[in-house]
Amino acid sequence: METIVSVTGGKVRGLTEGGVSSFLGIPYAAAPVGPARFDVPKPVREWSGVRDAVAHGPTCVQSPYPAPIHALIGSDGIPGDEYLNVNVWSPDTSSAGLPVLVWIHGGAFARGSNARKIYDGSAFARDGVVVVSINYRLGISGFAAVPGAPLNRGLRDQIFALQWVQENVAAFGGDPGNVTVFGESAGGMSVVNLIASPAARGLFRRAIVQSANGSAVATAEDARKVAENAAAKLGIAPTAAAFGQLAPDQLRTVQDWTTLELIADPDPGKWGASVVANGLGILSFFPVVDGDLIPGRPTDVIVAEPDRTVPLIAGWTAEEFRFFTFPTGIAAGITEETLPFVLARYGLEPSVAERYAANRPGAAPADIFAAVITDVVFRDDAMRIAEATATAGNPAYVYEFEWPSGIANLGACHVMEVPFIFDQIDAAHTLTGPNPPQRLADEVHGAWVRFATHGDPGWSRFDAATRTVRIFGFPDSHEVADPRADELRALRRAHVAG
(Lines give C-alpha, C1' and ligand atoms only; values in the text may rest on other atoms or scores of the structure.)
Protein backbone atom coordinates (compact mmCIF):
# COMPACT_ATOMS: atom_id res chain seq x y z
CA MET A 1 0.00 0.00 0.00
CA GLU A 2 1.23 3.51 -0.80
CA THR A 3 1.54 6.17 1.89
CA ILE A 4 2.09 9.87 1.15
CA VAL A 5 3.46 12.48 3.56
CA SER A 6 4.56 16.09 3.17
CA VAL A 7 8.13 17.06 4.09
CA THR A 8 10.49 19.94 3.42
CA GLY A 9 10.68 20.09 -0.37
CA GLY A 10 7.34 18.51 -1.19
CA LYS A 11 5.35 15.30 -0.93
CA VAL A 12 6.89 11.82 -0.85
CA ARG A 13 5.35 8.43 -1.51
CA GLY A 14 6.46 5.46 0.58
CA LEU A 15 5.31 1.87 0.97
CA THR A 16 3.40 0.33 3.87
CA GLU A 17 3.78 -3.39 4.41
CA GLY A 18 3.17 -5.47 7.51
CA GLY A 19 2.28 -2.41 9.56
CA VAL A 20 5.52 -0.56 8.77
CA SER A 21 5.78 2.42 6.41
CA SER A 22 9.16 2.96 4.77
CA PHE A 23 10.36 6.06 2.92
CA LEU A 24 13.76 5.75 1.25
CA GLY A 25 16.14 8.26 -0.27
CA ILE A 26 14.41 11.49 0.77
CA PRO A 27 16.77 14.43 0.13
CA TYR A 28 17.22 16.61 3.21
CA ALA A 29 19.61 19.10 1.57
CA ALA A 30 20.48 20.32 -1.92
CA ALA A 31 22.76 18.09 -3.99
CA PRO A 32 26.39 18.96 -3.09
CA VAL A 33 28.06 18.58 -6.48
CA GLY A 34 30.71 20.62 -8.24
CA PRO A 35 31.84 23.61 -6.15
CA ALA A 36 28.86 23.01 -3.81
CA ARG A 37 30.55 19.79 -2.70
CA PHE A 38 32.77 22.02 -0.53
CA ASP A 39 30.13 24.40 0.80
CA VAL A 40 27.85 24.26 3.83
CA PRO A 41 24.68 22.21 3.30
CA LYS A 42 21.90 24.19 1.66
CA PRO A 43 18.10 23.71 1.78
CA VAL A 44 16.69 21.11 -0.57
CA ARG A 45 15.08 22.37 -3.76
CA GLU A 46 11.33 21.94 -3.87
CA TRP A 47 9.83 19.43 -6.27
CA SER A 48 6.39 19.34 -7.83
CA GLY A 49 3.92 16.52 -7.52
CA VAL A 50 4.63 13.45 -5.40
CA ARG A 51 8.16 12.09 -5.30
CA ASP A 52 8.68 8.33 -5.03
CA ALA A 53 10.60 7.30 -1.91
CA VAL A 54 10.67 3.55 -2.50
CA ALA A 55 14.37 2.92 -3.30
CA HIS A 56 17.57 3.83 -1.50
CA GLY A 57 19.13 7.09 -2.61
CA PRO A 58 22.67 7.76 -3.83
CA THR A 59 25.73 7.51 -1.59
CA CYS A 60 28.73 9.79 -1.29
CA VAL A 61 31.62 8.83 -3.58
CA GLN A 62 33.66 5.94 -2.16
CA SER A 63 35.52 2.78 -3.12
CA PRO A 64 34.54 -0.74 -2.05
CA TYR A 65 36.16 -2.05 1.10
CA PRO A 66 39.30 -4.15 0.66
CA ALA A 67 38.40 -7.73 -0.17
CA PRO A 68 38.68 -9.26 3.35
CA ILE A 69 36.42 -6.59 4.90
CA HIS A 70 34.05 -6.58 1.90
CA ALA A 71 33.60 -10.33 2.38
CA LEU A 72 32.41 -9.70 5.94
CA ILE A 73 30.13 -6.67 5.62
CA GLY A 74 29.85 -5.79 1.92
CA SER A 75 30.36 -2.32 0.46
CA ASP A 76 28.28 0.69 -0.49
CA GLY A 77 28.09 2.73 -3.66
CA ILE A 78 24.94 4.00 -5.35
CA PRO A 79 25.73 6.69 -7.95
CA GLY A 80 23.89 9.99 -8.08
CA ASP A 81 23.98 13.59 -6.96
CA GLU A 82 21.36 13.66 -4.20
CA TYR A 83 23.42 11.70 -1.69
CA LEU A 84 22.42 13.89 1.26
CA ASN A 85 19.32 11.84 1.92
CA VAL A 86 17.48 10.06 4.72
CA ASN A 87 15.48 6.88 5.09
CA VAL A 88 12.50 6.79 7.45
CA TRP A 89 10.61 3.85 8.92
CA SER A 90 7.40 4.51 10.84
CA PRO A 91 4.89 2.31 12.65
CA ASP A 92 2.07 4.77 11.95
CA THR A 93 2.30 8.05 10.04
CA SER A 94 -1.12 9.06 11.35
CA SER A 95 0.06 8.77 14.95
CA ALA A 96 1.77 11.40 17.09
CA GLY A 97 4.39 11.47 19.82
CA LEU A 98 6.29 8.32 18.90
CA PRO A 99 9.92 8.02 20.04
CA VAL A 100 12.54 8.69 17.37
CA LEU A 101 15.94 7.09 16.69
CA VAL A 102 18.36 8.80 14.27
CA TRP A 103 21.09 6.50 12.94
CA ILE A 104 24.54 7.68 11.80
CA HIS A 105 26.44 4.99 9.90
CA GLY A 106 30.12 4.13 10.28
CA GLY A 107 32.87 3.57 7.74
CA ALA A 108 35.97 5.46 8.92
CA PHE A 109 34.47 8.75 7.64
CA ALA A 110 35.32 7.52 4.11
CA ARG A 111 32.83 4.72 3.40
CA GLY A 112 29.35 3.55 4.30
CA SER A 113 25.76 4.65 3.77
CA ASN A 114 22.25 4.37 5.12
CA ALA A 115 21.37 1.79 2.44
CA ARG A 116 22.90 -1.25 4.14
CA LYS A 117 20.45 -4.05 4.97
CA ILE A 118 21.70 -4.45 8.55
CA TYR A 119 20.64 -0.80 9.11
CA ASP A 120 17.05 -1.48 8.04
CA GLY A 121 14.82 0.18 10.64
CA SER A 122 11.74 -2.00 10.12
CA ALA A 123 12.14 -3.91 13.38
CA PHE A 124 12.33 -0.69 15.38
CA ALA A 125 9.18 0.59 13.63
CA ARG A 126 7.49 -2.75 14.34
CA ASP A 127 8.18 -2.03 18.01
CA GLY A 128 6.82 1.51 18.02
CA VAL A 129 9.85 3.67 17.17
CA VAL A 130 10.31 6.00 14.19
CA VAL A 131 13.79 5.50 12.69
CA VAL A 132 15.63 8.01 10.51
CA SER A 133 18.96 6.95 8.97
CA ILE A 134 21.10 9.63 7.38
CA ASN A 135 23.82 9.96 4.76
CA TYR A 136 26.50 12.63 5.04
CA ARG A 137 29.56 13.75 3.09
CA LEU A 138 32.55 11.44 3.42
CA GLY A 139 36.27 11.51 2.66
CA ILE A 140 37.53 14.54 0.79
CA SER A 141 33.98 15.78 0.24
CA GLY A 142 33.17 15.81 3.94
CA PHE A 143 36.41 16.36 5.80
CA ALA A 144 39.32 17.60 3.64
CA ALA A 145 40.66 20.85 5.12
CA VAL A 146 41.07 23.08 2.09
CA PRO A 147 41.19 26.89 1.83
CA GLY A 148 37.90 28.37 0.68
CA ALA A 149 35.78 25.66 2.29
CA PRO A 150 34.24 25.35 5.75
CA LEU A 151 35.72 22.62 7.93
CA ASN A 152 33.79 19.55 9.05
CA ARG A 153 31.27 19.57 6.22
CA GLY A 154 30.25 16.00 7.00
CA LEU A 155 29.44 16.97 10.58
CA ARG A 156 27.55 20.03 9.31
CA ASP A 157 25.49 17.64 7.19
CA GLN A 158 24.63 15.59 10.27
CA ILE A 159 23.48 18.70 12.13
CA PHE A 160 21.48 19.80 9.08
CA ALA A 161 19.84 16.34 8.99
CA LEU A 162 18.99 16.58 12.70
CA GLN A 163 17.38 19.95 12.01
CA TRP A 164 15.41 18.26 9.19
CA VAL A 165 14.25 15.67 11.73
CA GLN A 166 13.07 18.42 14.08
CA GLU A 167 11.07 20.01 11.27
CA ASN A 168 9.68 16.86 9.64
CA VAL A 169 9.55 13.83 11.93
CA ALA A 170 6.06 14.68 13.17
CA ALA A 171 4.83 13.96 9.63
CA PHE A 172 5.88 10.34 10.24
CA GLY A 173 4.27 10.15 13.69
CA GLY A 174 7.44 11.00 15.61
CA ASP A 175 8.01 13.31 18.56
CA PRO A 176 10.73 15.90 17.82
CA GLY A 177 11.16 16.32 21.56
CA ASN A 178 12.05 12.65 22.05
CA VAL A 179 14.93 12.07 19.63
CA THR A 180 17.80 9.68 20.40
CA VAL A 181 20.84 9.87 18.11
CA PHE A 182 22.88 6.69 17.76
CA GLY A 183 25.79 5.51 15.68
CA GLU A 184 28.58 2.95 15.44
CA SER A 185 32.30 3.35 14.68
CA ALA A 186 32.68 6.64 12.75
CA GLY A 187 28.96 7.09 13.35
CA GLY A 188 29.53 6.70 17.09
CA MET A 189 32.45 9.13 16.90
CA SER A 190 30.05 11.51 15.20
CA VAL A 191 27.62 11.12 18.10
CA VAL A 192 30.36 12.08 20.58
CA ASN A 193 31.20 15.09 18.40
CA LEU A 194 27.53 16.11 18.41
CA ILE A 195 27.29 15.82 22.20
CA ALA A 196 30.29 18.13 22.53
CA SER A 197 29.25 20.54 19.76
CA PRO A 198 27.42 23.74 20.73
CA ALA A 199 25.76 23.78 17.30
CA ALA A 200 23.95 20.49 17.96
CA ARG A 201 22.54 21.42 21.35
CA GLY A 202 18.80 20.86 21.59
CA LEU A 203 18.58 18.68 18.49
CA PHE A 204 18.38 15.40 20.42
CA ARG A 205 17.42 14.27 23.89
CA ARG A 206 19.55 11.13 24.33
CA ALA A 207 22.57 9.50 22.71
CA ILE A 208 23.96 6.02 22.07
CA VAL A 209 27.68 5.64 21.31
CA GLN A 210 28.61 2.24 19.88
CA SER A 211 32.22 1.17 19.34
CA ALA A 212 33.63 4.67 19.12
CA ASN A 213 35.72 7.32 20.83
CA GLY A 214 35.87 11.07 21.20
CA SER A 215 39.57 11.41 20.44
CA ALA A 216 39.71 10.90 16.66
CA VAL A 217 40.09 14.54 15.67
CA ALA A 218 42.91 16.36 13.90
CA THR A 219 44.17 19.89 14.18
CA ALA A 220 43.25 22.12 11.26
CA GLU A 221 46.92 22.63 10.45
CA ASP A 222 47.59 18.89 10.23
CA ALA A 223 44.41 18.24 8.26
CA ARG A 224 45.57 20.80 5.71
CA LYS A 225 48.77 18.78 5.23
CA VAL A 226 46.68 15.76 4.22
CA ALA A 227 44.73 17.84 1.72
CA GLU A 228 47.95 19.33 0.35
CA ASN A 229 49.39 15.85 -0.22
CA ALA A 230 46.22 14.79 -2.01
CA ALA A 231 46.28 17.92 -4.18
CA ALA A 232 49.94 17.38 -5.05
CA LYS A 233 49.15 13.83 -6.17
CA LEU A 234 46.49 15.26 -8.50
CA GLY A 235 48.63 18.17 -9.66
CA ILE A 236 46.08 20.77 -8.53
CA ALA A 237 46.06 23.65 -6.06
CA PRO A 238 44.84 22.61 -2.57
CA THR A 239 41.74 24.82 -2.76
CA ALA A 240 38.00 24.26 -2.69
CA ALA A 241 37.73 25.64 -6.23
CA ALA A 242 40.27 23.15 -7.60
CA PHE A 243 38.86 20.16 -5.71
CA GLY A 244 35.35 21.21 -6.78
CA GLN A 245 36.26 20.63 -10.42
CA LEU A 246 37.17 16.97 -9.86
CA ALA A 247 34.99 14.16 -11.13
CA PRO A 248 33.81 11.51 -8.64
CA ASP A 249 36.28 8.96 -10.01
CA GLN A 250 39.17 11.36 -9.38
CA LEU A 251 38.02 11.95 -5.81
CA ARG A 252 37.70 8.22 -5.23
CA THR A 253 41.18 7.51 -6.57
CA VAL A 254 42.96 10.15 -4.53
CA GLN A 255 41.04 9.23 -1.35
CA ASP A 256 42.27 5.66 -1.67
CA TRP A 257 45.82 6.76 -2.47
CA THR A 258 45.95 9.05 0.55
CA THR A 259 44.84 6.36 2.99
CA LEU A 260 47.24 3.77 1.60
CA GLU A 261 50.18 6.21 1.64
CA LEU A 262 49.45 7.29 5.20
CA ILE A 263 49.31 3.66 6.37
CA ALA A 264 52.53 2.78 4.53
CA ASP A 265 54.46 5.84 5.70
CA PRO A 266 52.92 7.37 8.85
CA ASP A 267 55.43 10.22 9.00
CA PRO A 268 54.14 12.98 11.32
CA GLY A 269 56.21 15.52 9.42
CA LYS A 270 54.41 14.68 6.21
CA TRP A 271 50.86 14.13 7.46
CA GLY A 272 50.73 15.94 10.79
CA ALA A 273 51.20 14.47 14.27
CA SER A 274 47.50 14.61 15.19
CA VAL A 275 46.47 12.85 11.96
CA VAL A 276 48.94 10.02 12.53
CA ALA A 277 48.23 9.62 16.26
CA ASN A 278 44.49 10.28 16.41
CA GLY A 279 43.65 8.66 13.07
CA LEU A 280 45.00 5.37 14.45
CA GLY A 281 46.56 4.41 11.16
CA ILE A 282 43.11 3.96 9.62
CA LEU A 283 41.63 7.45 9.19
CA SER A 284 42.90 10.01 6.69
CA PHE A 285 40.04 12.50 6.24
CA PHE A 286 38.17 12.90 9.53
CA PRO A 287 36.83 15.60 11.88
CA VAL A 288 38.94 18.64 12.67
CA VAL A 289 39.12 20.83 15.78
CA ASP A 290 37.82 24.09 14.36
CA GLY A 291 36.92 26.08 17.48
CA ASP A 292 33.34 26.18 16.25
CA LEU A 293 31.55 22.90 15.69
CA ILE A 294 34.37 21.02 17.44
CA PRO A 295 35.86 23.30 20.10
CA GLY A 296 38.41 20.72 21.29
CA ARG A 297 38.96 17.00 21.56
CA PRO A 298 35.35 15.90 22.20
CA THR A 299 36.07 13.55 25.11
CA ASP A 300 38.05 16.30 26.85
CA VAL A 301 35.28 18.84 26.18
CA ILE A 302 32.67 16.53 27.69
CA VAL A 303 34.80 15.79 30.76
CA ALA A 304 35.57 19.50 31.29
CA GLU A 305 32.03 20.70 30.57
CA PRO A 306 29.65 18.02 31.87
CA ASP A 307 26.64 20.26 31.27
CA ARG A 308 26.97 19.20 27.63
CA THR A 309 26.11 15.59 28.50
CA VAL A 310 22.78 13.90 27.78
CA PRO A 311 21.36 10.55 28.93
CA LEU A 312 23.67 7.98 27.38
CA ILE A 313 24.33 4.41 26.40
CA ALA A 314 27.98 3.76 25.56
CA GLY A 315 29.70 0.49 24.82
CA TRP A 316 31.96 -1.68 22.74
CA THR A 317 32.40 -5.25 21.55
CA ALA A 318 34.75 -7.37 23.63
CA GLU A 319 37.23 -7.98 20.81
CA GLU A 320 36.77 -4.96 18.54
CA PHE A 321 40.18 -4.84 16.93
CA ARG A 322 40.18 -8.43 15.72
CA PHE A 323 38.10 -7.07 12.82
CA PHE A 324 41.10 -5.02 11.67
CA THR A 325 43.81 -7.51 12.65
CA PHE A 326 42.87 -11.02 11.56
CA PRO A 327 40.88 -10.82 8.27
CA THR A 328 43.44 -8.38 6.88
CA GLY A 329 46.43 -10.63 7.60
CA ILE A 330 48.05 -8.13 9.97
CA ALA A 331 47.96 -10.72 12.76
CA ALA A 332 50.56 -12.86 11.00
CA GLY A 333 53.14 -10.09 11.36
CA ILE A 334 52.63 -9.55 15.10
CA THR A 335 55.11 -11.67 17.04
CA GLU A 336 56.79 -11.43 20.42
CA GLU A 337 59.56 -9.49 18.70
CA THR A 338 57.34 -7.04 16.79
CA LEU A 339 54.62 -6.47 19.42
CA PRO A 340 56.59 -3.81 21.38
CA PHE A 341 57.21 -1.79 18.23
CA VAL A 342 53.57 -2.01 17.14
CA LEU A 343 52.34 -0.84 20.55
CA ALA A 344 54.85 2.01 20.53
CA ARG A 345 53.33 3.18 17.25
CA TYR A 346 50.10 3.72 19.19
CA GLY A 347 51.94 5.80 21.79
CA LEU A 348 51.98 3.05 24.40
CA GLU A 349 54.70 1.85 26.73
CA PRO A 350 55.17 -1.77 25.49
CA SER A 351 55.18 -3.17 29.04
CA VAL A 352 51.39 -2.72 29.08
CA ALA A 353 51.22 -6.00 27.17
CA GLU A 354 52.40 -7.83 30.29
CA ARG A 355 49.20 -7.05 32.19
CA TYR A 356 46.98 -8.16 29.29
CA ALA A 357 49.03 -11.33 28.76
CA ALA A 358 48.82 -12.23 32.46
CA ASN A 359 45.02 -12.19 32.18
CA ARG A 360 45.08 -14.30 29.00
CA PRO A 361 47.31 -17.34 29.52
CA GLY A 362 48.36 -18.88 26.22
CA ALA A 363 47.20 -15.94 24.09
CA ALA A 364 49.30 -15.22 21.00
CA PRO A 365 50.95 -11.80 20.53
CA ALA A 366 48.31 -10.87 17.92
CA ASP A 367 45.58 -11.65 20.44
CA ILE A 368 47.26 -9.43 23.02
CA PHE A 369 47.65 -6.64 20.47
CA ALA A 370 43.97 -6.80 19.53
CA ALA A 371 42.92 -6.72 23.20
CA VAL A 372 45.12 -3.73 24.03
CA ILE A 373 44.10 -1.68 21.00
CA THR A 374 40.42 -2.51 21.54
CA ASP A 375 40.73 -0.71 24.86
CA VAL A 376 42.86 2.13 23.44
CA VAL A 377 40.44 2.93 20.64
CA PHE A 378 37.08 2.05 22.15
CA ARG A 379 36.76 1.10 25.83
CA ASP A 380 38.87 3.84 27.40
CA ASP A 381 36.98 6.78 25.90
CA ALA A 382 33.59 5.09 26.35
CA MET A 383 34.28 4.78 30.07
CA ARG A 384 35.51 8.38 30.33
CA ILE A 385 32.39 9.70 28.60
CA ALA A 386 30.14 7.54 30.80
CA GLU A 387 31.99 8.81 33.89
CA ALA A 388 31.44 12.42 32.86
CA THR A 389 27.79 11.79 32.09
CA ALA A 390 27.13 10.10 35.43
CA THR A 391 29.05 12.81 37.32
CA ALA A 392 26.82 15.42 35.68
CA GLY A 393 23.77 13.63 37.05
CA ASN A 394 22.56 12.25 33.74
CA PRO A 395 21.73 8.55 33.40
CA ALA A 396 24.59 6.59 31.86
CA TYR A 397 24.45 2.93 30.83
CA VAL A 398 27.52 0.97 29.71
CA TYR A 399 27.65 -2.35 27.86
CA GLU A 400 30.10 -4.83 26.39
CA PHE A 401 28.92 -7.15 23.61
CA GLU A 402 30.81 -10.42 24.07
CA TRP A 403 29.04 -12.89 21.77
CA PRO A 404 31.65 -14.20 19.29
CA SER A 405 31.15 -14.74 15.58
CA GLY A 406 30.87 -18.26 14.24
CA ILE A 407 33.57 -17.30 11.73
CA ALA A 408 37.07 -18.32 12.77
CA ASN A 409 39.31 -15.71 14.42
CA LEU A 410 36.73 -12.90 14.44
CA GLY A 411 35.47 -13.28 17.98
CA ALA A 412 33.28 -10.48 19.31
CA CYS A 413 34.75 -8.06 16.79
CA HIS A 414 33.89 -4.61 15.49
CA VAL A 415 30.39 -4.28 13.91
CA MET A 416 29.23 -7.56 15.49
CA GLU A 417 26.54 -5.95 17.65
CA VAL A 418 24.95 -3.89 14.86
CA PRO A 419 22.72 -6.56 13.25
CA PHE A 420 21.59 -7.62 16.72
CA ILE A 421 20.62 -4.05 17.62
CA PHE A 422 18.62 -3.64 14.42
CA ASP A 423 17.25 -7.21 14.72
CA GLN A 424 18.61 -7.94 11.25
CA ILE A 425 20.78 -10.97 12.05
CA ASP A 426 19.41 -12.93 9.10
CA ALA A 427 21.10 -10.37 6.82
CA ALA A 428 24.49 -10.67 8.55
CA HIS A 429 25.62 -14.29 8.24
CA THR A 430 28.81 -13.30 6.41
CA LEU A 431 29.80 -11.56 9.66
CA THR A 432 28.09 -13.61 12.36
CA GLY A 433 28.27 -17.07 10.86
CA PRO A 434 25.17 -19.13 10.12
CA ASN A 435 23.52 -19.40 13.56
CA PRO A 436 23.41 -16.10 15.44
CA PRO A 437 21.10 -16.37 18.47
CA GLN A 438 17.75 -14.68 17.94
CA ARG A 439 17.22 -14.51 21.69
CA LEU A 440 20.24 -12.23 22.03
CA ALA A 441 18.96 -10.03 19.21
CA ASP A 442 15.61 -9.78 21.00
CA GLU A 443 17.38 -8.74 24.20
CA VAL A 444 19.71 -6.12 22.73
CA HIS A 445 17.18 -4.69 20.28
CA GLY A 446 14.62 -4.48 23.09
CA ALA A 447 17.05 -2.52 25.26
CA TRP A 448 17.56 0.09 22.52
CA VAL A 449 13.76 0.36 22.07
CA ARG A 450 13.28 0.96 25.81
CA PHE A 451 16.03 3.58 25.94
CA ALA A 452 14.60 5.46 22.94
CA THR A 453 11.11 5.29 24.43
CA HIS A 454 11.67 6.28 28.06
CA GLY A 455 15.41 6.46 28.71
CA ASP A 456 15.98 3.19 30.61
CA PRO A 457 17.38 0.20 28.66
CA GLY A 458 16.69 -2.20 31.50
CA TRP A 459 20.02 -2.65 33.28
CA SER A 460 21.75 -0.85 36.15
CA ARG A 461 23.01 2.67 35.71
CA PHE A 462 26.73 3.33 35.58
CA ASP A 463 28.12 5.43 38.44
CA ALA A 464 31.52 6.25 39.88
CA ALA A 465 31.11 3.82 42.78
CA THR A 466 29.93 0.63 41.04
CA ARG A 467 30.95 1.25 37.40
CA THR A 468 28.42 -1.36 36.30
CA VAL A 469 28.74 -2.79 32.79
CA ARG A 470 26.12 -4.95 31.07
CA ILE A 471 27.76 -7.93 29.38
CA PHE A 472 25.65 -9.05 26.42
CA GLY A 473 26.29 -12.72 25.75
CA PHE A 474 24.63 -16.03 25.03
CA PRO A 475 23.10 -18.07 26.54
CA ASP A 476 23.07 -15.51 29.34
CA SER A 477 23.83 -11.82 29.77
CA HIS A 478 24.85 -10.39 33.13
CA GLU A 479 26.20 -7.33 34.92
CA VAL A 480 29.77 -6.87 36.13
CA ALA A 481 31.23 -4.13 38.30
CA ASP A 482 34.19 -2.51 36.54
CA PRO A 483 35.33 -5.47 34.41
CA ARG A 484 39.09 -5.81 33.75
CA ALA A 485 39.75 -2.63 35.73
CA ASP A 486 43.40 -3.62 36.18
CA GLU A 487 43.90 -3.53 32.40
CA LEU A 488 42.35 -0.11 32.00
CA ARG A 489 44.50 1.28 34.82
CA ALA A 490 47.62 -0.18 33.21
CA LEU A 491 46.59 1.24 29.85
CA ARG A 492 46.13 4.74 31.21
CA ARG A 493 49.53 4.58 32.92
CA ALA A 494 51.05 3.38 29.66
CA HIS A 495 49.66 6.43 27.88
CA VAL A 496 51.27 8.70 30.45
CA ALA A 497 54.57 6.85 30.22
CA GLY A 498 54.44 6.97 26.42
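Residues numbered from 1 in each chain as written. Predicted model: local features only at pLDDT ≥ 70, side-chain atom pairs only at ≥ 80, totals over all residues. Heavy atoms only, no water.

- Looking at an unreviewed UniProt entry, one finds the chain named Carboxylic ester hydrolase, with Nocardia mexicana as its source organism.
- Taken verbatim from the UniProt record of the chain, the Sequence similarities (unreviewed entry) comment is "Belongs to the type-B carboxylesterase/lipase family." (UniProt positions renumbered as here; feature names shortened; annotations may be inferred.)

As for the nonpolar core
Now for step 1: Of all hydrophobic cores here, the largest spans 124 residues; its most connected members are Ile26, Phe204, Val372 and Ile373.
Now for step 2: Tallying contributions element by element places helix α15 (residues 365-391) first for this core, with 15 residues.
Now for step 3: Split by domain, this core shows at least three residues from each of two domains, domain 1 (2-219) and domain 2 (311-496).
Now for step 4: When near neighbours in sequence (up to four residues on either side) are disregarded, Ile26 contacts Val7, Val12, Ala53, Leu84, Asn85, Val86, Val88, Trp164 and Phe172.
Now for step 5: Listed in part, the 44 residues of the second largest apolar core include Tyr119, Ile425, Leu431 and Val449. (Core = buried A, V, L, I, M, F, W, Y, C linked by side-chain atoms within 4.5 Å. Buried < 20%, exposed > 50% of the residue type's maximum accessible area, 1.4 Å probe, protein only. Helix = DSSP H or I, 4+ residues; strand = E, 2+ residues; numbered from the N terminus. Domains from an automatic or database assignment. Contact = heavy atoms within 4.5 Å.)

Details of the domain arrangement of the chain
Now for step 1: Domain parsing of the chain yields domain 1 (2-219) and domain 2 (311-496).
Now for step 2: Distance between the C-alpha centres of domain 1 and domain 2: 26 Å.
Now for step 3: For the interface between domain 1 and domain 2, the tally reads one salt bridge.
Now for step 4: Note that Arg126 is salt-bridged to Asp423, the shortest N-O span being 3.1 Å.
Now for step 5: There are 21 residue pairs in polar contact (both at pLDDT 80 or more) connecting domain 1 and domain 2.
Now for step 6: Broken down by secondary-structure element, the contributors of at least two residues to the side of domain 1 that touches domain 2 are α1 (67-73), β6 (98-104), α2 (122-126), β8 (174-184), α5 (186-196) and β9 (206-210).
Now for step 7: Taken together, the residues of the side of domain 1 that touches domain 2 sort by class into 20 nonpolar, nine polar and seven charged. (Salt bridge = Lys/Arg side-chain N within 4 Å of Asp/Glu carboxyl O. Polar contact = N/O pair within 3.5 Å; in protein donor to acceptor, adjacent residues only side chain to side chain. Nonpolar A, V, L, I, M, F, W, Y, C, P; charged D, E, K, R; others polar.)

Observations regarding the environment of Arg308
Now for step 1: Along the polypeptide, Arg308 turns up in the loop between α11 (298-304) and β12 (312-317).
Now for step 2: Assessed through its relative accessible area of 12%, Arg308 is described here as buried.
Now for step 3: Along the sequence, Arg308 and Gly183 sit 125 residues apart, while their C-alpha atoms lie 18 Å from each other.
Now for step 4: Within the structure, Arg308 has its side chain in polar contact with the backbone oxygen of Ala196 (distance 2.8 Å).
Now for step 5: There is a polar contact of 3.0 Å between the side chain of Arg308 and the side chain of Glu305.

A short note on the UniProt feature "domain: Carboxylesterase type B" (unreviewed entry) in the chain
Now for step 1: Sites flagged by UniProt as "domain: Carboxylesterase type B" (unreviewed entry) map to residues 3-458.
Now for step 2: Helix makes up 37% of residues 3-458 and strand 16%, and the two end C-alpha atoms of the span are 34 Å apart.

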